[in-house]
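Architecture at a glance
One-letter residues, chain by chain:
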Amino acid sequence: MNYWRAVWMIFAKDFREEVRRKENLAASFFFAFLALVLFYFSVDPTRVDLGQSGAGLLWLVILFAGNLFMGNTFRKETETGTLQALLLAPVDRSAIYLGKFLVNLAFLLMLEALILVFAFILLAMPVGEHLGWLAVVWFLVSIGYSAVGTLLSSLVAQIRGGHVLFPLLAFPVLIPLLIAASSLTQDVMIGQSAGSVRWLQLVGLFDTIFLVAPLFLFEYAIEE
Amino acid sequence: MDFRKWRILLWAIAAALNAAGLYMVFFFVPAEMTMGEVQKIFYYHVPSAISAYVLFALAFAFSLLFLWKEEPLWDSLAHACAEVGWVFITVVLVTGPIWGRAAWGKWWVWEPRLTTALVLWLMYTAYFLLRLFSGHDARTARVAAVMAIVAFFDVPIVHFAIKWWGSIVHPPKVSLEPAMRLTFLVTSAAVLSLAAALTLTRASLGFDEARSLAEEAQ
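Here's what I pulled together on the structure shown here. (Residues numbered from 1 in each chain as written. Chains lettered and ligands numbered in written order. Predicted model: local features only at pLDDT ≥ 70, side-chain atom pairs only at ≥ 80, totals over all residues. Heavy atoms only, no water.)

**Some thoughts on the overall build of chain A**
Rules: Starting at the N terminus, helices and strands are each numbered in turn, a helix being any DSSP run of H or I of at least four residues and a strand any DSSP run of E of at least two. Note that the radius of gyration is over C-alpha atoms, with the globule rule given as 2.2 Å times the number of residues to the power 0.38. Accessibility here uses a 1.4 Å probe with only protein chains present; expressed as a share of the type maximum, an area under 20% marks a residue as buried, one over 50% as exposed, and anything in between as partly exposed.
A count of helical and extended segments in chain A gives 10 helices and zero strands. When the helices and strands of chain A are placed in sequence order, the string is α-α-α-α-α-α-α-α-α-α. Its C-alpha atoms give chain A a radius of gyration of 18 Å, within 12% of the compact-globule value 17 Å for 224 residues. Within chain A, buried positions represent 54% of all 224 residues.

**Quick notes on the packing of helix 4 (residues 112-133) of chain B against helix 5 (residues 138-165) of chain B**
All names here are of chain B. Heads up, the rule is: A fitted line through C-alpha atoms represents every axis, and for helices the fit uses only the stretch in contact; the resulting angles, taken between N-to-C directions, go from 0 to 180 degrees. Here roughly perpendicular refers to angles of 65 to 115 degrees, roughly parallel to angles under 35, roughly antiparallel to angles over 145, and oblique to all remaining angles. Two helices cross in a left-handed way if the nearer one is turned anticlockwise from the farther one by less than a right angle. They cross in a right-handed way if the turn is clockwise. Lys, Arg, Asp and Glu make up the charged group, whereas Ala, Val, Leu, Ile, Met, Phe, Trp, Tyr, Cys and Pro make up the nonpolar group; the residues left over, Gly among them, are polar.
Running from N to C, helix 4 and helix 5 cross one another at 165°; their axes reach a closest spacing of 9 Å. Accordingly, the angle class assigned to the pair helix 4 and helix 5 is roughly antiparallel. Seen from above, helix 4 lies across helix 5 with right-handed handedness. Here the contact of helix 4 with helix 5 is built from residues that sort into 18 nonpolar, four polar and three charged.

**Things to note about the interface of chain B and chain A**
Using the following cut-off: Contact between two residues is taken to exist if any of their heavy atoms lie within 4.5 Å; hydrogens are not considered. Once two parts are put together, the accessible area they lose, assessed with a 1.4 Å probe and summed over both, is termed the buried area. Here a polar contact means two N or O atoms within 3.5 Å. Within protein one must be a hydrogen donor candidate and the other an acceptor candidate, and residues neighboring in sequence count only if both atoms are side-chain atoms.
Each side of the interface is counted separately: chain B has 27 residues, and chain A has 29 residues. Between chain B and chain A, a total of about 2,800 Å² is buried, with carbon and sulfur atoms accounting for 80% of that surface. Applying the counting rule to chain B against chain A returns two residue pairs in polar contact (both at pLDDT 80 or more). Sorting the residues of the side of chain B that touches chain A by element identifies helix 4 and helix 5 of chain B as the ones contributing at least two each.

**Considerations on the nonpolar core**
Rules: Among the buried residues, those of types Ala, Val, Leu, Ile, Met, Phe, Trp, Tyr and Cys that are joined through side-chain atoms within 4.5 Å form a nonpolar core.
L111 and L174 of chain A are the most contacted members of the largest nonpolar core, which has 139 residues in total. Other than its neighbours up to four places away in sequence, L111 of chain A contacts S28, F29, A32, I62, A65, G66 and F69 of chain A.

**Details of the environment of G100 of chain B**
Residues and elements named next belong to chain B. Position of G100 relative to the elements: it lies in helix 3 (residues 72-103). Judged by relative accessible area, G100 falls into the buried class, the value being 4%. For the pair formed by G100 and L205, sequence separation is 105 residues and the distance between their alpha carbons is 37 Å. The residues touching G100, leaving out its near neighbours within four places in the chain, are G105 and K106.

**Observations concerning the layout of surface pockets**
Residue and element names in this part refer to chain B. Let me state the cut-off plainly: Buried and open spaces are told apart on a 1 Å grid over the protein atoms alone, a cavity being a set of points where a 1.4 Å probe fits but cannot get out and a pocket being an open set with protein on both sides within 12 Å along at least five of seven lines. Residues with an atom within 4 Å of a point are the lining residues. Grid points are joined across faces, edges and corners, and a volume is the space filled by probe spheres set on the points.
Size it by volume and the second largest pocket reaches roughly 580 Å³. With nine residues, the top contributor of residues to the lining of the second largest pocket is helix 6 (residues 178-217). Of the residues belonging to the lining of the second largest pocket, the class tally is 11 nonpolar, six polar and eight charged.

**Comments concerning the side chain of S48 of chain B**
All names here are of chain B. On the secondary structure map, S48 appears in helix 2 (residues 42-69). Of the residues examined, S48 reaches a relative accessible area of 2% and is grouped as buried. Excluding anything up to four places from it in sequence, S48 contacts F88, V91, V92 and V191.

**So, the packing of helix 2 of chain B against helix 6 of chain B**
Two packed helices can be described by the angle between their axes and the distance between those axes. All names here are of chain B. The N-to-C vectors of helix 2 and helix 6 enclose an angle of 40°; their axes lie 9 Å apart at closest approach. With respect to helix 6, the axis of helix 2 lies oblique. Every pair of crossing elements has a handedness; the one defined by helix 2 and helix 6 is right-handed. When helix 2 is examined against helix 6, the residues F42, Y43, Y44, V46, P47, S48, S51 and L55 are found in contact with a partner set consisting of M180, T183, F184, T187, S188, V191, L192, A195 and T199.

**Things to note about unusual backbone geometry**
We note that K22 of chain A has phi near 60°; this positive angle belongs to a residue other than glycine. Among the secondary structure elements, K22 of chain A is positioned in the loop between helix 1 (3-21) and helix 2 (23-42). Look at K22 of chain A and you get partly exposed, because its relative accessible area is 49%. Look at E70 of chain B: it is not a glycine, yet its phi comes out positive at around 60°. Looking at the secondary structure, you find E70 of chain B in the loop between helix 2 and helix 3.

Pasting the structure below:
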């Protein structure tokens, strides 16, 4: 089978399945909404201007809510034994990784779109003015999160009770990405661009490293 | 694996150097002018940081070797390096605030290098949780090796992210008095040799453990 066709088929299979079952996505999207409401209650809105300093908060919500589905990327496969079948398929194993990565990226972008709407309506954050830039930044950051998340979730899927470990493994690795994402988002929201190039380079470096490395590492990560 | 001779030699060197280092820190080297006696923590703080970084780099290299060759020896070495590296990065995180309390007036400042050490501590603690949750089989070793590689790839990115994010800085270049430089060299050698001795001992323990478990399973 053609490599990219294999990637596409894994993507299509997982996407369709999750959209039909809705288990992980419903939990994740609801959690994101809930967390934003909780965060709002935890700050004094008369003293904290979320438009000036709320970007990091949005990213925390994305990180926490995203881990609800990303940590389960391979869980179903190991539980039902379909992983064996996938591994037996006559296709390079990095195709499995890329397919799963694309599913996670798609779900993450959906989650982020939802969070943007909530942030705009509920928290009155100035996310509408430079929506194009915001989309570019969030897309680039999402690549990094999905790349790391997909690789690490393949690791924890092989360990009993491993899904508890996913955020513990992923969040420390994602710290530089969180710092860059928060700074960039804040800069876009207040219409400032000094220093942004540097952060974009950092995100680019993170994306490149963690998208290329798994293509080689995944082979070993998931071996039977 | 029998590195017995090497182990004895390394422990002897480490003991001698550490005795010399302790003597120099307490009785030989003068106290720094502005910070006073507390500055002497520097002679262990910095070498611990160097040891931790060297050990994490070695853990990365041994993890790669293990994935490539699949020999348990490399896994034992990677595990030992990560574990001893974790101990030394913990020393950095404990001695840093003690020094910082005297130098900056606060226990913890979100200063780039200290913060980088904290992020490393978080990543390698997660690595041990991964080992703890799983068992002693080859799969665990492989999964842990991948995590060690991911963590190591992250280090330079963490370094830059935190440098650009933070504002307070370490003194960029420290110029040391001759007596201070000599003491620093001796304590560095002492800490590094201690790290090497600990790592080798831990690795041979881990290797024997893995082998006896494999024999039991057969």
